[in-house]
Number of protein chains: 2
Amino acid sequence: MGTSRTGAAGAASRIVVSRTGRLASAPRTGLKAPSSALPNPSLKAVPVRKGGALPEDLPLNQILLGDCIASLAKLPAESVDVVFADPPYNLQLEQALTRPDHSLVDAVDDDWDKFASFSDYDSFTRAWLSGVRRVMKKNATLWVIGSYHNIFRVGATLQDLDFWLLNDIVWRKANPMPNFRGRRFTNAHETMIWASKSADSKSYTFHYDAMKSANEDVQMRSDWFIPLCTGDERLKGEDGRKVHPTQKPEALLARVLLSSSNPGDVVLDPFFGTGTTGAVAKKLGRNFIGLERDPAYAKAARARIDGVEPLSDISIAAAPEKRTETRVPFLSLLEGGHVKAGETLTDERRRFQATIRADGTLTLGPVIGSIHKIGALSQGLPACNGWTFWHVLRDGKLVCIDDFRAKVRAEIGA
Amino acid sequence: MGTSRTGAAGAASRIVVSRTGRLASAPRTGLKAPSSALPNPSLKAVPVRKGGALPEDLPLNQILLGDCIASLAKLPAESVDVVFADPPYNLQLEQALTRPDHSLVDAVDDDWDKFASFSDYDSFTRAWLSGVRRVMKKNATLWVIGSYHNIFRVGATLQDLDFWLLNDIVWRKANPMPNFRGRRFTNAHETMIWASKSADSKSYTFHYDAMKSANEDVQMRSDWFIPLCTGDERLKGEDGRKVHPTQKPEALLARVLLSSSNPGDVVLDPFFGTGTTGAVAKKLGRNFIGLERDPAYAKAARARIDGVEPLSDISIAAAPEKRTETRVPFLSLLEGGHVKAGETLTDERRRFQATIRADGTLTLGPVIGSIHKIGALSQGLPACNGWTFWHVLRDGKLVCIDDFRAKVRAEIGA
DNA sequence: CATCGAATTGAATCCAGCC
DNA sequence: GGGCTGGATTCAATTCGAT
């Protein structure tokens, strides 16, 4: 490590984080580069890429410290196969938020997420996307993740820059943060846009069959159900606090890379953070290039990636989707036509009645509530399973609404 | 039907589709309007709206034929409660693109023309969204549905026009069209953006409690699983072919209107198509205004809506929201004899005590304050809901003072 | 050591009414 | 309109602590 080479001039990115996690100065002459075009020797399982040698000056499996736009400008054109980008979301936090128990939510309020205006954010987006597009090979694809705060601006900018949108993928969170004030729907997903470099990029990588086999032999859909990054996977500092506020789950990156890259490919992440992309790339035998501005993040990423052992059998990497019994809202029974608003529900012994409302609640006299609450109230009990308690009359016979739930579950394949 | 009235001048929308489905010419002087400010008499179950009369010149429960931007310009400002919009998606080059003036864009692979296409689509989007925003009441909200072809441009334009995004909702399709060529993920969802008129619109309608009750007593999430519109619900022409290519399922509209509107509200749909919004609005006791430029769609919509039977009042009556229940002073509990001055209050786990004073305040040692303030002080928290925190001993058991508040509310009929 | 319950936490544009 | 205050508001998963 440490060979300097003459390269693009520029002020940024003069520092790389070596694989030991130390910060090292590099000469002003250009990017730090590995001593050969081969992958970093610490990444034992990275196969040599088919289809041509890698450019000599590609800083493979390294983290380039500095502004990502400046770093991008110094990478060779048309040199990477896939890009995964998790840019700042431009959250607009009005004020502190507390949970119902009055504890404070540790929100993202870092400086890197602050922009003065939409216009500023758009300029920033256009700049880094342009830089990314230049280093993408002709058939490379790009993933960008975001929330409703920023993803619309990112998507529009992608289209303006002649990227070609292939899919928008919804990451449905298994365990999202609730809406504490009850003023909106629970914000339970984020959106990823998958785009090719241009409409002409017809030979982009997509492992259709692998995705299909990993999904019980049906086509992988555009909505993915994956838990948040928590537990041991979440990087924590010596103080026990999370190192990065928005670390993404490895399962998400694994599905991204397995579907749209090949072993030996070069994966670029311009907002590397604590290196989830690099860790998963190494695990799956891909090369990575990480760009990161914050030395603390970069150092944590380096240490993390050095601890990753490449998988010997990549096929096991596609973690099966979390399977829990799907929650069926009673409202779905109305939507599916199994029961009707205004209809009367009764119990097996026909002692109690309640009326179905159009919004999926029940009424019992003046009281409105869920099937469970009204079931409990009817019987004077503290709790009740409304699914098994309530019945409707069909052809003169009582049918339990749980039968309809089973039908709905069957319909949705859950 | 057929009363003309002097209104805003303008060239478009001189035709309305009467509820019999006939196309009728209307004078150049303005919009067709019903003969009174009350809802269309064919909509028997539409309750009269609380909170003020409707503007006299609002064409309730009608379909205005013509260009939606022109029609919007003639509706009175700040007159509608909710908007649902399903704008044209046709952005991809393979499909025709309509300019704001409805001339056809001859889309080709030419870069310049492609830019022009996005730009045209943006102008169109900006035009109709501006028109919609003008007719929205201060606390009205807007829903727009789209796919990755157009939703990013719509979302960015919404933000540019100072709409305030509340949620993006993912409609997960139960039975999406498979991806035949196996080159992408199955496009199994569409996206809806829910936005208020501005960041100041804090009192928008959201039936949080109803949604939660309808969803197993947990918050409704931003991902909704709803089947496509098929079967009998799908409008078919005499040739057996579908009348409209993208007819939305009524279940989707039902959840939209149930969550974000009240009975008697005015629901505007500027791209009415075959009238799903109108059909669901009528069924749920809401008023609608539909704008549609294709006479065939409008005619099919009119016939469809006329066949809709509104649901009974009991199944759609507005549910009381807990947060808007009448405020009861703690002093009323003393006055009603539910608690006594000098009595000791304690929390559920009997860790804290406070004494009730005759004026409805509590004392904790030397400190005097409200049930909330003293509750917060006891626990060392910044805030506390005294109603649910404090209990009194009755027959050896702890009773929450919130139970007494419920009794008081029942007594005063609130 | 196992088990049960309490505490913690996560990309969040998160209050309303009265004076 | 600004300021004050009453009081409404959380789901799933993991970790920690007590028994």
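What counts, and at which threshold
- Residues numbered from 1 in each chain as written.
- Chains lettered and ligands numbered in written order.
- Predicted model: local features only at pLDDT ≥ 70, side-chain atom pairs only at ≥ 80, totals over all residues.
- Heavy atoms only, no water.
- Helix = DSSP H or I, 4+ residues; strand = E, 2+ residues; numbered from the N terminus.
- Contact = heavy atoms within 4.5 Å.
- Areas by Shrake-Rupley, 256 points an atom, 1.4 Å probe, with all protein chains shown as cover.
- Buried area = accessible area lost by both parts, 1.4 Å probe.
- Salt bridge = Lys/Arg side-chain N within 4 Å of Asp/Glu carboxyl O.
- Polar contact = N/O pair within 3.5 Å; in protein donor to acceptor, adjacent residues only side chain to side chain.
- Near = heavy atom within 4 Å.
- Nonpolar A, V, L, I, M, F, W, Y, C, P; charged D, E, K, R; others polar.
- Buried < 20%, exposed > 50% of the residue type's maximum accessible area, 1.4 Å probe, protein only.
- Axes fitted to C-alpha atoms, helices over the stretch in contact; angles between N-to-C directions.
- Parallel < 35°, antiparallel > 145°, perpendicular 65-115°, else oblique.
- Left-handed = near helix turned anticlockwise from the far one by under 90°.
- Pairing = 2+ DSSP bridges.
- Right-handed = clockwise from strand over helix to strand, strands pointing away.
- Phe/Tyr/Trp six-rings, centres within 6.5 Å; stacked < 30°, edge-to-face > 60°.

### Regarding the overall build of chain A
- The number of helices and strands found in chain A is 11 helices and 16 strands.
- Restricting the contact set of chain A to residue pairs at least 6 apart, pairs at least 24 apart contribute 68%.
- On chain A, roughly 17700 Å² of surface is accessible, and the fraction owed to carbon and sulfur atoms is 51%.

### A closer look at the interface of chain B and chain A
- Facing 76 residues of chain B, the contacting portion of chain A comprises 81 residues.
- Between chain B and chain A, a total of about 6900 Å² is buried, with carbon and sulfur atoms accounting for 53% of that surface.
- In terms of surface lost to chain A, no three residues of chain B exceed B:Phe152, B:Phe185 and B:Glu216, which account for 13% of the buried area on that side.
- Counting every contact that joins chain B to chain A gives 6 salt bridges.
- Here A:Asp160 makes a salt bridge to B:Arg153, at a shortest N to O gap of 2.6 Å.
- Viewed at the interface, chain A and chain B are joined by 46 residue pairs in polar contact (both at pLDDT 80 or more).
- Listed by contribution, the elements that provide at least two residues to the side of chain B that touches chain A are helix H2 (111-135), helix H3 (151-160), strand S8 (164-173), strand S9 (189-196), helix H4 (208-213), strand S10 (223-226), helix H5 (250-260) and helix H8 (313-316) of chain B.
- A per-element tally of the side of chain B that touches chain A places S8(B) first, with 9 residues.

### Considering the protein's contact with DNA strand C
Residue and element names in this part refer to chain A.
- By nearness alone, 39 residues border DNA strand C, and Gln-92, Arg-99, Tyr-148, Arg-181 and Arg-183 come closest of all.
- Counting only atoms of DNA strand C within 4 Å of the protein, the sugar-phosphate share comes to 49%.
- Taking Asn-187, its side chain carries an N or O atom lying 3.2 Å from a sugar or linking oxygen of DNA strand C.
- A breakdown of the residues in the surface near DNA strand C according to their chemical character gives 18 nonpolar, 8 polar and 13 charged.

### Focus: unusual backbone geometry
Residues and elements named next belong to chain B.
- The phi dihedral of Asn-61 is positive, around 55°, even though this residue is not glycine.
- The topology assignment puts Asn-61 in the loop between strand S2 (23-25) and strand S3 (62-65).
- A positive phi is found at Asp-162, a non-glycine position, where the angle reads about 70°.
- One can find Asp-162 in the loop between H3 and S8.
- Taking the relative accessible area as the measure of exposure, Asp-162 reaches 51% and is therefore exposed.

### As for the pattern of salt bridges
- Under the defined criterion, the tally for this structure stands at 34 salt bridges over all chains.
- Ionic pairing is found between A:Lys283 and A:Glu250, a salt bridge with its closest N-O pair at 3.0 Å. Taken together, the positions of A:Lys283 in helix H6 (residues 276-283) and A:Glu250 in helix H5 (residues 250-260) put the pair 33 residues apart, joining distant regions of the chain.
- A cluster of three or more residues bridged by salt bridges with shared partners is formed by A:Asp122, A:Arg153 and B:Asp160.

### Description of the packing of H5(B) against helix H6 (residues 276-283) of chain B
Residue and element names in this part refer to chain B.
- As a packed pair, H5 and H6 sit with axes 9 Å apart at the nearest point and diverge in direction by 55°. Judged by the inter-axis angle, H5 sits oblique to H6. Crossing handedness for the pair H5 and H6: right-handed. Across the interface between the two elements, Glu-250, Leu-253, Ala-254 and Leu-257 from H5 touch Thr-276, Thr-277, Ala-279, Val-280, Ala-281 and Lys-283 from H6.

### Observations regarding H6(A)
Residues and elements named next belong to chain A.
- The element H6 is largely enclosed, with a buried count of 7 among its 8 residues.
- Of all the positions in H6, only Thr-276, Thr-277, Gly-278, Ala-279, Val-280, Ala-281 and Lys-282 are classed as buried.
- Those residues of H6 that are buried lie in contact with strand S4 (80-85), H5, strand S9 (266-269), strand S10 (287-292) and helix H7 (295-306).
- Downstream of H6 by a residue or two, Gly-285 has a phi angle that is positive, lying close to 75°.

### Here we look at the pairing of strand S5 (residues 136-146) of chain A
Residues and elements named next belong to chain A.
- Within S5, 8 of the 11 residues are buried, which leaves the element mostly enclosed by the surrounding structure.
- In this structure, S4 lies alongside S5, joined through 5 bridges in parallel fashion. Note that in S5 the partner of Ala-85 across the bridge is Val-144.
- Running through helix H2 (residues 118-135), the crossover from S4 to the neighbouring parallel element S5 is right-handed.

### Quick notes on the packing of aromatic side chains
- All chains considered together, the criterion is met by 35 aromatic pairs over all chains.
- Here the aromatic rings of A:Phe185 and B:Trp194 are separated by 5.6 Å at their centres, their planes lie at 65°, and the arrangement is edge-to-face. One end of the pair, A:Phe185, is in the loop between strand S6 (164-173) and strand S7 (189-196); the other, B:Trp194, is in strand S9, on a second chain.
- Given the relative accessible area of 0%, B:Trp194 is considered buried.

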